[in-house]
Every structure is written in structure tokens, then in C-alpha cells.
Amino acid sequence: MVERLKPEDRAAGLNSLPDWHLCEGREAIFKSFKFRDFREAFGFMTQVALVAEKMNHHPEWSNVYRTVDITLATHDVGGLSDLDLELAHEINRIASPA
Ligand SMILES: C[C@H](O)[C@H](O)[C@H]1CNC2=NC(N)=NC(=O)C2=N1
């Protein structure tokens, strides 16, 4: 069973996630990604979708042309869990491959 993160674990987790921020008024994290064009943005979304499905943990997101805005939260716990941090790391990795 996935558990809601304690505030100190949440803060520590966020420290290692460049450009992800806590949302205001809601326990969730957010990051906006910008790509060269729609093709790259949608390719990124396709890769994230496959990882999310494998994890059974799904993003809230929107896409406008070359921008993809992503919010992560764990609905089952009404806040943030390790799954959000894990998915955020995967998303960063997909956006900027080594
Ligand atoms: C039944 C199913 O496993 C759950 O509803 C999963 C699916 N994907 C999910 N995604 C997210 N972001 N939060 C959840 O709590 C969640 N729960």
C-alpha cells in the first residue's frame, strides 16, 4: 500500500528533482517542459505514457504545441507519495537523456 509522504521526506525528495515545484493550495508537484516542436513534445508524452502505465501511476498533463505541463499527485492518498518522486525522475530522464 502506497503511503503519503511526510513533509520532511517530501522536501528531501523535491530537492533532488530540478525544476519540480510544489503546487499552491494542493499537495502535488508541477513542472513545465518545452520542446523544439510538437513532434518532440508528443514523442516525449508517448514515452512518459508507457512508463506511467508500467508503474500504474498516471500524470495529470496538458499539451499546447511544444509545451507539456505536468502535475503529479497520488490520488489514492490525497497527496504525494514515493510514486510521484519516482515518476518525476523518470520524466526528467526521458526529457533529457544522458
Ligand atoms: C486502481 C488503480 O490502480 C489506481 O486508481 C491507480 C491508477 N493510477 C494512479 N495515478 C495516480 N497519479 N494516482 C493514483 O492514485 C493512481 N491510482
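Look above for the structure.
Positions within a chain are numbered from 1, following the residues in the order the chain's sequence is written. Only residues with pLDDT of at least 70 get local features here, since the model is predicted, and only at 80 or more are side-chain atom pairs given and counted; chain-wide, interface and lining totals rely on the full set of residues. As a rule here, side-chain values come from all non-hydrogen atoms in the structure, and water together with hydrogens is ignored.

Caption draft 1: The arrangement of the overall build of the protein in detail. For helices the rule is a DSSP run of H or I covering at least 4 residues; for strands it is a run of E covering at least 2, with both sets numbered from the N terminus onward. Summing up its helical and strand segments, the protein has three helices and four strands in all. Overall, the protein shows an N-to-C arrangement of helices and strands of α-β-β-α-β-β-α. What you see for the protein is a C-alpha radius of gyration of 13 Å, in line with the 13 Å of a compact globule of 98 residues. The principal-axis extent of the C-alpha atoms belonging to the protein is close to 40 × 25 × 25 Å. Throughout this description, buried means an accessible area under 20% of the type-specific maximum (1.4 Å probe, protein chains only), exposed means over 50%, and partly exposed covers the range between. Taken over 98 residues, the protein has a buried fraction of 40%. Throughout, radius of gyration means the C-alpha value; the globule benchmark is 2.2 Å times the number of residues raised to the power 0.38.

Caption draft 2: Seen up close, the pairing of strand β3 (residues 60-64). Strand pairing is assigned whenever DSSP identifies at least 2 bridges connecting the two strands. Where β3 and strand β4 (residues 67-72) come together, five bridges link them in antiparallel fashion. Note on β4: the bridge partner recorded for Ser62 is Asp69. Turn length for the β3-β4 hairpin, with the two strands adjacent in sequence and antiparallel, is two residues, and the turn residue Tyr65 shows positive phi of about 50°.

Caption draft 3: Representation of the site of the ligand in the model. Only a single heavy atom is needed: when it lies within 4 Å of a molecule or strand, its residue is near that molecule or strand. Surveying the vicinity of the ligand reveals the residues Asn56, His57, His58, Ala73, Thr74, His75 and Asp76. Under the rule applied, a polar contact is a pair of N or O atoms within 3.5 Å (in protein, one hydrogen donor and one hydrogen acceptor; residues adjacent in sequence only if both atoms are side-chain atoms). The separation between an oxygen atom of the ligand and a polar side-chain atom of Asn56 is 2.6 Å. The separation between an oxygen atom of the ligand and a polar main-chain atom of His75 is 3.0 Å. Note that accessible areas follow from Shrake-Rupley with a 1.4 Å probe, and for residues the cover is restricted to the protein chains shown. Burial of the ligand by the protein chains amounts to 65% of its free accessible area of 390 Å². When residues are grouped by polarity, Ala, Val, Leu, Ile, Met, Phe, Trp, Tyr, Cys and Pro land in nonpolar, Asp, Glu, Lys and Arg in charged, and all others, Gly among them, in polar. Residues belonging to the shell around the ligand are distributed by class as follows: one nonpolar, five polar and one charged.

Caption draft 4: Unusual backbone geometry, seen in detail. Positive phi outside glycine occurs at Asp19, with the angle close to 70°. The residue Asp19 is located in the loop between α1 (7-15) and β1 (21-22) in this model. You will see that Tyr65, though not glycine, has its phi angle at about 50°, which is positive. With respect to the helices and strands, the residue Tyr65 is situated in the loop between β3 and β4.

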